[in-house]
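Here are the chains, one letter per residue:
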Amino acid sequence: MRKEELREFIRRQKRQFTPQQLEELSLPVIARLRPLLTTAHTVMAYYSLPDEVYTHQLLDELVDEGKTVLLPRVLDDETMELCRYTGQDDLRRGAFHIMEPIGEHFSDLSSIDLVLTPGVAFDAQGHRLGRGRGYYDRFLSSLRTVPGEFTRVIGVCFDFQKVPEVPVDANDIPVDIVV
């Protein structure tokens, strides 16, 4: 299956659920994710869209626990930067109608312990299919070149987004684990 065919297949799967049902389906995913976050101090995450695993409450809980939470902000057609998230007042509607942080820019990539990344589909080898713009692949590629300790990258998705095989290109960056 080609990338665009797989994207459309998953879009059809998602349309079977209401936003409320998807939020309920998020609960076991977040429960599986929680233990992986306990030792992390700095977490890059994403502020979920209605069709993604719901992260809003989790992000606020991580902030309340004293963790540094970073969210991406799209700068242009190729680049995203990270900004600190301290609560929902830090957000505004940005590129692609995604809620983005307006907090301070964060550039110390070597201090990121964990990255939570959304995707359209994932396979057991950690291959990730995004929405097709390449933002996360470019960011993860640059993160892999940062000296220091290895940053763990976790793909976050609903169970129906786990597929036998994701088609990959040379510029696609796999995740370390899929939850």
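So, here is what we can say about the structure in this document. None of the values given here were measured: they were computed from a predicted structure. (Residues numbered from 1 in each chain as written. Predicted model: local features only at pLDDT ≥ 70, side-chain atom pairs only at ≥ 80, totals over all residues. Heavy atoms only, no water.)

Turning next to the sheet that holds strand 1 (residues 42–44). Read across the open sheet, the seven strands follow the order 6-3-2-1-7-10-11; overall the sheet is mixed. Because the sheet does not close on itself, it has two edges, and the strands there are strand 6 (105–106) and strand 11 (177–178). Across five bridges, strand 7 (residues 114–118) lies against strand 10 (residues 152–156) in parallel orientation. Paired with V115 across the strands is V153, a residue of strand 10. (Pairing = 2+ DSSP bridges. Helix = DSSP H or I, 4+ residues; strand = E, 2+ residues; numbered from the N terminus.)

Moving on: the environment of F158. Within the secondary structure, F158 is located in the loop between strand 10 and strand 11. Remark: the alpha-carbon pair of F158 and R2, spanning 156 residues in sequence, is separated by 20 Å.

This part is about the pairing of strand 2 (residues 68–74). Here strand 2 lies mainly inside the structure; seven of its seven residues are buried. Residue alternation in strand 2 divides its side chains into two sets, T68, L70, P72 and V74 and V69, L71 and R73, and both sets are buried. Bridge analysis of strand 1 against strand 2 gives three bridges, and the strand direction is parallel. Across the sheet, the residue bridging to V43 is V69, located in strand 2. A crossover links strand 1 with its parallel partner strand 2, the connecting element being helix 3 (residues 56–64), and its sense is right-handed. Where strand 2 lies against strand 3 (residues 80–85), six bridges are found, and the strand directions are antiparallel. Bridged to V74 within strand 3 is M80. Between strand 2 and strand 3, which follow one another and run antiparallel, lie five residues. (Buried < 20%, exposed > 50% of the residue type's maximum accessible area, 1.4 Å probe, protein only. Right-handed = clockwise from strand over helix to strand, strands pointing away.)

So, about the packing of aromatic side chains. This model, assessed by the stated rule, comprises three aromatic pairs. Residues Y47 and Y85 carry aromatic rings whose centres are separated by 6.3 Å and whose planes lie at 45° to one another, so their mutual orientation is tilted. In this pair, Y47 sits in the loop between strand 1 and helix 3 while Y85 sits in strand 3, placing the two residues 38 residues apart along the sequence. With a relative accessible area of 1%, Y85 lands in the buried category. With a centroid separation of 5.4 Å and an interplanar angle of 5°, the aromatic rings of F158 and F160 are classed as stacked. Of the residues examined, F158 reaches a relative accessible area of 1% and is grouped as buried. An aromatic cluster of three or more residues is present, and its members are F17, F158 and F160. We note R138 situated over the ring of Y135; from NZ or CZ to the ring centre the distance is 5.4 Å. (Phe/Tyr/Trp six-rings, centres within 6.5 Å; stacked < 30°, edge-to-face > 60°. Lys NZ or Arg CZ within 6 Å of the ring centre and 35° of its normal.)

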